Amino acid sequence: MPAKKTISTRIRKTGLPPGALIFTGVPKSDVIIKELVRYNAEHLDELDPEIPPHSDHNFFQWLDIRGLHNPQEIERIGIAYGIDPLMLEDILDTQQRPKCEQTEHGIFIILKLLARRMDSADFITEQISIYLTEGRLITFQEHPDDTFHALKLRMQQTGSRLRTRRPDYLMYALIDFVTDHYFPVIDQCSDRIHLLDEQISGNPADELKTSIFMIRQDIAEMHRLLLPTRESVSLLLRLEGAHITEKTRRHLRDVQDNVMQLIDLNDNQSDHLASLHDLFMSEMTYRMTNVMKILTVITSVFIPLTFITSIYGMNFKHMPELEWAWAYPALWMIMIAVGIMQFIYFKKKKWL
């Protein structure tokens, strides 16, 4: 049986002014890892992230921040790279829903990355924040692990489109990377639902109700994340300006299709799980009905026998049968015959 989920206590920011920087999540590391690369079709250079480079029309930049537990450090990074305090506030709020908004100097996106746990049926949620500005892309990852390591390896290859195109294409690649990670989690939920289906059809134990509840929680959580993700990608496609090229828009439409497919799969799983819940309740009711039917038959058999024995259990002095030598075996024969006739009657009625 899957382990129960624990409800994390969220840090509230009640009474604080807008732009107040407070990390609302659970610290995943003691350090903040910063990586800054400068790239174009021919070159890929690692730079010191502590020294923000000047804009260079011949190069693009990607600053990747991993770890959000230190608001003071995040604020310092924001000041150095010109990030609005309101955006920094959303970056540090790990309970933020996925969203997309156009700012004065670029595009700001928040996404939720799902990852399967190897030791359980649960999944991990990580907040990914992306800020696209002129010639530069800045990403904030909640976990210290390098989530985008595969993309960075692709970027090292000469001729990779991640290097030959503008940072908006890199933004698309990150969004596509995040949304693609929903599919394994969706598949894992499908496997759990199919296993649940087999267990309910075979031997529906009471513990399956907890499994149904846990899977329903996971499906509802994915639904809560997928809907705003769809809205964010749709809004991204509608944004006007020079930050997103038409080539990148075509790729983003493919991401939009993937998100729509994920929502359809999620809805189908929700419907399937609702059907399994009804089937489970029907199976439990059927089992209870069978038990009650058997008990009712047993009771019905013993009612006339009890009636007979109760008559001859009375303490009246003048009972003619008591003086008859064959009264005791005759009484047994009558009771056995009554029981057999009732059994035959119940079989003909298909009550047994």
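Bear in mind the structure is a predicted one, so any value in this text is a computation, not a measurement.

Caption draft 1: Examining the overall build of the chain more closely. Broken down by element type, the chain carries 9 helices and 7 strands. The C-alpha radius of gyration computed for the chain amounts to 34 Å, which surpasses the reference 20 Å derived for 352 residues by more than 25%, pointing to a less compact arrangement than a globule. Projected onto its principal axes, the C-alpha coordinates of the chain cover approximately 120 × 45 × 30 Å. Burial statistics for the chain: of 352 residues in total, 42% are counted as buried. Of all intrachain contacts in the chain linking residues separated by at least 6 positions in sequence, the fraction that spans at least 24 positions is 66%. Summed over all atoms, the accessible surface of the chain reaches about 20100 Å², with 57% contributed by carbon and sulfur. Computed over 39 positive and 47 negative side-chain charges, the inter-centroid distance for the chain is 6 Å.

Caption draft 2: Expanded view of the confidence of the model for the chain. Counting all residues, the mean pLDDT for the chain is 85, and 93% of those residues have values of 70 or more. Here helix H9 (residues 327-348) is the element of the chain with the lowest mean pLDDT, 85, and helix H5 (residues 167-180) is the one with the highest, 95. Every residue in residues 1-9 scores below 50 in pLDDT, and together they form 11 contacts with partners more than four places removed in sequence or on other chains.

Caption draft 3: Just H5, in detail. Taking 1.5 Å of rise per residue, the 14 residues of H5 would be expected to cover 20 Å, and the 20 Å separating its terminal C-alpha atoms lies within 8% of that figure. Taken across its 14 residues, H5 has 13 buried, putting it largely inside the fold.

Caption draft 4: Representation of the packing of helix H7 (residues 208-238) against helix H8 (residues 246-311) in the model. Between H7 and H8, the shortest axis-to-axis distance is 9 Å and the interhelical angle comes to 160°. Judged by the angle between their axes, H7 and H8 are roughly antiparallel. Between H7 and H8 the crossing geometry is left-handed. When its residues are assigned to classes, the contact of H7 with H8 shows 18 nonpolar, 8 polar and 7 charged.

Caption draft 5: Region of interest: the layout of surface pockets. In this structure, the second largest pocket occupies an estimated 250 Å³ of space. Surrounding the second largest pocket, 15 residues form its lining, Glu-35, Val-37, Glu-46, Lys-152 and Gln-156 being those nearest its centre. Secondary structure elements with two or more residues in the lining of the second largest pocket: strand S1 (33-39), strand S2 (44-47), strand S3 (60-66) and helix H3 (149-155). Split by residue class, the lining of the second largest pocket holds 7 nonpolar, 2 polar and 6 charged.

Caption draft 6: Geometry of the packing of aromatic side chains. In this structure the tally under the stated criterion is 6 aromatic pairs. Geometrically, the ring pair formed by Tyr-39 and Phe-60 is tilted, given 5.9 Å between the ring centres and 55° between the ring planes. With Tyr-39 in strand S1 and Phe-60 in strand S3, the pair connects residues that are 21 residues apart, well separated along the chain. Since its relative accessible area comes to 0%, Tyr-39 is described here as buried. Each ring, one from Trp-62 and one from Phe-148, has its centre 6.5 Å from the other, and the planes form 50°; the classification is tilted. Remark: Phe-148 occurs in the loop between strand S7 (136-141) and H3 and Trp-62 occurs in strand S3; sequence separation between them is 86 residues. With respect to class, Trp-62 is no different from Phe-148; both count as buried.

Calculation rules
- Residues numbered from 1 in each chain as written.
- Predicted model: local features only at pLDDT ≥ 70, side-chain atom pairs only at ≥ 80, totals over all residues.
- Heavy atoms only, no water.
- Helix = DSSP H or I, 4+ residues; strand = E, 2+ residues; numbered from the N terminus.
- Rg over C-alpha atoms; globule rule 2.2 N^0.38 Å.
- Buried < 20%, exposed > 50% of the residue type's maximum accessible area, 1.4 Å probe, protein only.
- Contact = heavy atoms within 4.5 Å.
- Areas by Shrake-Rupley, 256 points an atom, 1.4 Å probe, with all protein chains shown as cover.
- Lys, Arg positive; Asp, Glu negative; His and termini not counted.
- Charge placed at Lys NZ, Arg CZ, Asp CG, Glu CD.
- pLDDT = per-residue confidence, 0-100.
- Expected span 1.5 Å × (residues − 1).
- Axes fitted to C-alpha atoms, helices over the stretch in contact; angles between N-to-C directions.
- Parallel < 35°, antiparallel > 145°, perpendicular 65-115°, else oblique.
- Left-handed = near helix turned anticlockwise from the far one by under 90°.
- Nonpolar A, V, L, I, M, F, W, Y, C, P; charged D, E, K, R; others polar.
- 1 Å grid on protein atoms, 1.4 Å probe; cavity = no way out; pocket = protein on both sides within 12 Å on 5 of 7 lines; lining within 4 Å.
- Points joined across faces, edges and corners; volume = space filled by probe spheres on them.
- Phe/Tyr/Trp six-rings, centres within 6.5 Å; stacked < 30°, edge-to-face > 60°.

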